[in-house]
Amino acid sequence: MTTLATQNRSKGAGSTPLINVQNLTKSYTAGEVVTKVLQGISFNIEKGEFVSIMGPSGSGKSTLMHILGFLEKATGGHYEFEGKDITKLQDDELAKMRNEKIGFVFQAFNLLPRTTVLENVKLPLTYAVGKGDINETAKQVLESVGLGHRLDYYTNQISGGEKQRVAIARALVNNPTIIFADEPTGNLDSKSGVQIMEILQRLNNAGNTIILVTHETYTSEHAKRIIQIKDGKIIDDYPVLNRRVAHDGETLK
Amino acid sequence: MNIEYCKLSIIKLIMFSKFSQSVATSITALLANKARSFLTMLGIIIGVGAVIVIMAVGAGAQSLILAQVETLGTNLIGVMPGKSDEAGPPTSAMGIVITTLTYEDVMALREKSNVPNAVDVVGYTNGTGTANWGSNSYDTNLKGVTVGYIEVEGGELDNGRFFSKEEETNLSRVAVIGSTVKKELFGESEVIGQRIKIKKHTFEVIGVMAERGTVAFQDYDDQILMPIKTMQKLIAGVNYLGLIRIKIDSEENIDRAISDVEMTLRDQHDIADLSGDSDDFSVRSAAEALDMITVITDALRYFLAAMAALSLIVGGIGIMNIMLVSVTERTREIGLRKAVGANNFNIMSQFLIEAVVVTLLGGIIGIIGGAVFSYLIAVIANFMGYDWAFVVSLLSIVLAIAVSTAVGLIFGLYPARKASMLEPVEALRYE
């Protein structure tokens, strides 16, 4: 983890923010009906931040995360990542950006079935070029999330909390610039949920930038900053004053 | 130069490791659904296996026929009635009756001054009929031939004698019978001197041919030989020949003998045109006949193989179907792979490789299965006394591998493309 931290710090929090979105809009067209999901979103996120994007279901928070994570293109507005204009990139360039810059953690874990833990974590590296010994890298990352003893288990043989830790390891393995976690505790019991939040906080302390998408106020308060969204607009953007620190014994409600 | 070379090999190594990784991924995916993968493969296995068996059995049968024809002797010339193209069979071979060859032609060809290299000549008028002896009757092939028969065709007498030159023309009712005819009509009884009835005429059996078996579709044991004139006048009621065969003293004289035969017959038939365009007969050497048999059996073989190959298209459609199901089932997996950085080409090649692995594996199993089956056929045929060669040509193996790969690529392309075009978010959300 220290290597990740020093690398991220060495990039430095220069003058250009990590993420800069201005007046971002997204609408879906189904026949005649146009659904406006995002209606002009603007904010900056600096390197090393831990931001919760919070809002009720249907508020557009997941869509926003998908656009920020290069999974989807915005309909309008401006998006710069590390000073680079994203709106002009082609599919394959976006795939490369996802591979090199982003780590995703999903609510449903999205692990490959009938595949070992190690293989799952190696997956992003197989799409990367010149990553050295990918077996070794994947093992190290799995050990850092406390799953060094589960390398050769199949993903259907481990618990939900372990699955999400595998997903986090997979998100980390490419040494990404930013980690997106979409309701990472949504499918977990409270004890496992705490463990996940603990890992995310530890990663942030080590210098990783993290964006957490959630609808739970309690979970969102583990971040340093909360952006509240409703009906596709930002209704609030504030730093967390009484930040919750996840530790063993605590439970997420 | 060395550095360039190193760079190149490193790139190759990376590409190879990527490729082998894709192959490993697809094998994992196939193993995850063993029964389904096997059933999908079955179409290809059967298709390729059938093609291999047909090609091998065809080659075996071909070698058998050719070997048998060769035992007739390669220094034979055949004259058939009717003109023909150089390579194709004469029209008489198609069952059309042409009456241009006569006994007088045989007489002319026998003249040493006409065809100096001819050892002997035999003319044929063939038919079928029922032979009776006491209360026994038997349907068999009747052959009116000239005395040169044994010299030209080979074979030997088991008992008795062949008819003489006088008997050839004086309508003698004498018959030389094959071993099957003997068995059917007489059983174990004494044969020579017995009288049999063929079409109300009484024949004396003067000889029995030794058993010879079937050579080039012709059962030498199931026939009755009689003098040509007897056959023409009493049995068939015709005055033409179906075939003339001429034995030449040696193989290198065949070309010369063929032109001698042609000149003699043109003279006989009053054909002034020496170009051959007006000929009413065709002269063929045994070598040409062998070539012709090869052409015909090859055509048959490839036609059957092409029919069997049609099943590969059916197999291919099966693979496309299963791949489409697989793409739908694995939509979330595709979404995830895209989320962690797979581009469209990565996804497409993953599914294409999967399709090709299925068809190629099916093809290889089909080749092995087909070869084993063909080998068993060869063993059984040899056990039954046929000189049957086990031939699985390298060409058919290479072709089978190429075709099964092509089937995978062609029928995998659409599902693979469909997978690669999925939007990552749509795919991730798919339930």
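Residues numbered from 1 in each chain as written. Chains lettered and ligands numbered in written order. Predicted model: local features only at pLDDT ≥ 70, side-chain atom pairs only at ≥ 80, totals over all residues.

Caption draft 1: Up close: the overall build of chain A. When its secondary structure is counted, chain A shows eight helices and ten strands. Split into buried and exposed, the 253 residues of chain A put 45% on the buried side. Here the contacts in chain A between residues at least 6 apart in sequence split such that 71% fall between residues at least 24 apart. (Helix = DSSP H or I, 4+ residues; strand = E, 2+ residues; numbered from the N terminus. Buried ≥ 20, exposed ≤ 12 C-beta atoms within 10 Å, placed from the backbone. Contact = placed C-beta atoms within 7 Å.)

Caption draft 2: Molecular detail of the overall build of chain B. A tally of helices and strands in chain B yields 13 helices and twelve strands. Taking all 431 residues of chain B together, 38% fall into the buried category. Of all intrachain contacts in chain B linking residues separated by at least 6 positions in sequence, the fraction that spans at least 24 positions is 82%.

Caption draft 3: Here's a closer look at the sheet that holds strand S5 (residues 84-85) of chain A. All names here are of chain A. The strand order across the open sheet built from four strands is S2-S1-S4-S5, with neighbouring strands paired in antiparallel fashion. Where the open sheet ends on each side, the last strands, each with one partner, are strand S2 (33-45) and S5. Sheet topology places strand S1 (residues 19-30) next to strand S4 (residues 76-81); five bridges connect them, and they run antiparallel. Looking at S4, one finds that Ile19 is bridged to Phe81. (Pairing = 2+ DSSP bridges.)

Caption draft 4: Spotlight on helix H2 (residues 34-71) of chain B. All names here are of chain B. Over its 38 residues, H2 extends 53 Å from the first C-alpha to the last, a length consistent with the 56 Å expected when each residue adds 1.5 Å. Largest kink in H2: about 35°, centred on Met41. The first or second residue beyond H2 is Gly73, which carries a positive phi of 110°. (Expected span 1.5 Å × (residues − 1). Bend = angle between axes of the 7 residues up to and from the residue.)

Caption draft 5: Main features of the environment of Thr63 of chain A. All names here are of chain A. Relative to the elements of secondary structure, Thr63 occurs in helix H2 (residues 61-68). Spatially, the C-alpha atoms of Thr63 and Val37 are 7.6 Å apart, while their sequence positions differ by 26 residues. Residues in contact with Thr63, not counting those within four places in the same chain, are Lys26, Val37, Leu38 and Glu72.

Caption draft 6: Geometry of the nonpolar core. Ala169, Phe180 and Ile211 of chain A are the most contacted members of the largest nonpolar core, which totals 108 residues. No other element matches the 13 residues that H2 of chain B contributes to this core. The residues touching Phe180 of chain A, leaving out its near neighbours within four places in the chain, are Met65, Leu68, Gly69, Ile102, Phe104, Val105 and Ile211 of chain A. Grouped together as the second largest cluster of nonpolar side chains are 54 residues, Leu76, Met80, Tyr124 and Ile254 of chain B included. (Core = buried A, V, L, I, M, F, W, Y, C linked by C-beta atoms within 7 Å.)

Caption draft 7: Representation of the pairing of strand S1 (residues 76-81) of chain B. Residues and elements named next belong to chain B. Buried residues dominate S1, accounting for five of its six residues. As paired strands, S1 and strand S11 (residues 243-248) are joined by four bridges and run antiparallel to one another. Of the residues in S11, the one forming a bridge with Val79 is Ile244. In this structure, S1 lies alongside strand S12 (residues 281-285), joined through five bridges in antiparallel fashion. Paired with Met80 across the two strands is Ser282, which belongs to S12.

Caption draft 8: Main features of the interface of chain B and chain A. With 17 residues of chain B in contact, the opposing surface of chain A contributes 20 residues. Elements with a contribution of two residues or more to the side of chain B that touches chain A: helix H1 (2-32), helix H10 (331-339), helix H11 (344-383) and helix H13 (424-429) of chain B. When residues in the side of chain B that touches chain A are grouped by element, the largest group, five residues, is from H10 of chain B. For the side of chain B that touches chain A, the class distribution of residues is eight nonpolar, six polar and three charged. (Nonpolar A, V, L, I, M, F, W, Y, C, P; charged D, E, K, R; others polar.)

Caption draft 9: Representation of unusual backbone geometry in the model. All names here are of chain A. You will see that Phe109, though not glycine, has its phi angle at about 70°, which is positive. By secondary structure assignment, the location of Phe109 is in the loop between strand S6 (102-105) and helix H4 (117-126). Residues other than glycine seldom take positive phi values, yet Asn110 does so here, at roughly 50°.

Caption draft 10: Structural detail: the packing of H4 of chain A against helix H6 (residues 160-172) of chain A. Residues and elements named next belong to chain A. Interhelical geometry of H4 versus H6 gives an angle of 30° and a closest axis separation of 7 Å. Relative to H6, H4 is oriented roughly parallel. You can see that H4 and H6 cross each other, and the crossing is right-handed. Residue-level inspection shows Val117, Asn120, Val121, Leu123 and Pro124 of H4 in contact with H6, the latter providing Val166, Ala169 and Arg170. Residue composition of the contact of H4 with H6, by class: six nonpolar, one polar and one charged. (Axes fitted to C-alpha atoms, helices over the stretch in contact; angles between N-to-C directions. Parallel < 35°, antiparallel > 145°, perpendicular 65-115°, else oblique. Left-handed = near helix turned anticlockwise from the far one by under 90°.)

Caption draft 11: The arrangement of the sheet that holds strand S7 (residues 178-182) of chain A in detail. Residue and element names in this part refer to chain A. Across the sheet, which stays open at both edges, the six strands sit in the order S6-S7-S8-S3-S9-S10 with mixed pairing between neighbours. A single partner strand is all that each edge strand has here, and the edge strands are S6 and strand S10 (233-239). Taken pair by pair, the neighbouring strands of this sheet meet at an average axis angle of 15°, ignoring direction.

Caption draft 12: Broad picture of the packing of H6 of chain A against helix H7 (residues 190-205) of chain A. Residue and element names in this part refer to chain A. Taken N-terminus to C-terminus, the directions of H6 and H7 make an angle of 20°; their axes are 9 Å apart at the nearest point. One finds that H6 runs roughly parallel with respect to H7. The hand of the H6/H7 crossing is right-handed. Contact with H6, carried on its side by Gly160, Gly161, Gln164, Arg165 and Ile168, involves Ser192, Gln195, Ile196 and Ile199 of H7 and no other residues of that element. Looking at the contact of H6 with H7 residue by residue, the classes come out as three nonpolar, five polar and one charged.

Caption draft 13: Structural context of the environment of Ala286 of chain B. Following the sequence through the fold, Ala286 of chain B ends up in helix H9 (residues 286-329). When residues no more than four places from it in sequence are discounted, the contact partners of Ala286 of chain B are Val69, Leu72, Gly73, Thr74 and Leu76 of chain B.

Caption draft 14: Spotlight on the confidence of the model for chain A. Averaged over all residues, the pLDDT of chain A is 88; the fraction at 70 or higher stands at 91%. Across residues 1-13 of chain A the pLDDT falls below 50, and counting only partners more than four positions away or on other chains, this stretch makes 19 contacts in the model. (pLDDT = per-residue confidence, 0-100.)

Caption draft 15: Quick look at the confidence of the model for chain B. Averaged over all residues, the pLDDT of chain B equals 86, while 93% of them reach at least 70. Among the prediction metrics, the complex's ipTM stands at 0.88, with pTM recorded as 0.69.

Caption draft 16: Structural detail: the environment of Thr297 of chain B. Residue and element names in this part refer to chain B. Along the chain, Thr297 turns up in helix H9. Along the backbone, Thr297 and Gln62 are 235 residues apart, and their C-alpha atoms lie at a distance of 6.6 Å. Residues contacting Thr297, with those up to four places away along its chain left out, are Gly58, Gln62 and Ile65.

Caption draft 17: Fine view of the pairing of strand S8 (residues 209-214) of chain A. All names here are of chain A. Where burial is concerned, most of S8 is hidden: six out of the six residues are buried. Burial along S8 is two-sided: Thr209, Ile211 and Val213 facing one way and Ile210, Leu212 and Thr214 facing the other are all buried. Sheet topology places strand S3 (residues 50-54) next to S8; five bridges connect them, and they run parallel. Looking at S8, one finds that Ile53 is bridged to Val213. In terms of handedness, the path from S7 via H7 over to S8 forms a crossover that is right-handed. (Right-handed = clockwise from strand over helix to strand, strands pointing away.)

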